Amino acid sequence: LVEPPPFLVTLAEVEVAFLERVVFGLKNFDLVFVFKDHSIPPVHVNTIPMTQLEAVKEWLDSVEVYFVESKVNFNWTNIMKTVNEDPVGFYEMGGWTYLQ
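Below: a short report on this structure. Here the structure is a predicted model, which means the values were calculated and not measured.

### Regarding the overall build of the protein chain
A count of helices and strands for the protein chain gives three helices and four strands. Tracing the protein chain from N to C terminus, the helices and strands come up as β-β-β-α-β-α-α. Reported as C-alpha extents along the three principal axes, the dimensions of the protein chain are approximately 40 × 30 × 25 Å. For the protein chain, the proportion of its 100 residues judged to be buried stands at 36%. Pairs at least 24 residues apart make up 51% of the contacts formed inside the protein chain by residues separated by at least 6 positions.

As structure tokens, this is what we get:
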């Protein structure tokens, strides 16, 4: 968030946030915002210091953004393609919980 260009994410438009590469021993993790409008590509914030993990989780919780923690990075192009091809089926299969 300190490197240009700056960006703005309207949290009311965010459906879920994914904390990726959350592994003991790594120095950084990534944060991906997935929007309610699935035609908008997810926004990535990369290499957040691991020392900020709890603060980020507390912040997401305080602004009531559902978040998921993962040890891996996901291929968001493929995931969003799957979601957009069959949104009803995606949510019937558990929605974002299948990535946990």
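Read on, since the account is not over.
### Here's the deal with the nonpolar core
Ranked by size, the top nonpolar core spans 15 residues in total, and within it L19, F29, L31, F33 and L60 carry the most contacts. Every element with two or more residues in this core is listed here: β1 (14-20), β2 (28-35), β3 (43-49) and α1 (53-62). Looking at this core, the element that brings in the most residues is β2, giving four residues. Other than its neighbours up to four places away in sequence, L60 contacts A17, L19, L31, F33, V65 and F67. If you look at the next biggest cluster of nonpolar residues, it comprises 13 residues, including V16, V32, W76 and V83.

Parameters at a glance
- Residues numbered from 1 in each chain as written.
- Predicted model: local features only at pLDDT ≥ 70, side-chain atom pairs only at ≥ 80, totals over all residues.
- Heavy atoms only, no water.
- Helix = DSSP H or I, 4+ residues; strand = E, 2+ residues; numbered from the N terminus.
- Buried < 20%, exposed > 50% of the residue type's maximum accessible area, 1.4 Å probe, protein only.
- Contact = heavy atoms within 4.5 Å.
- Core = buried A, V, L, I, M, F, W, Y, C linked by side-chain atoms within 4.5 Å.

That's the geometry; what it means functionally is another story.
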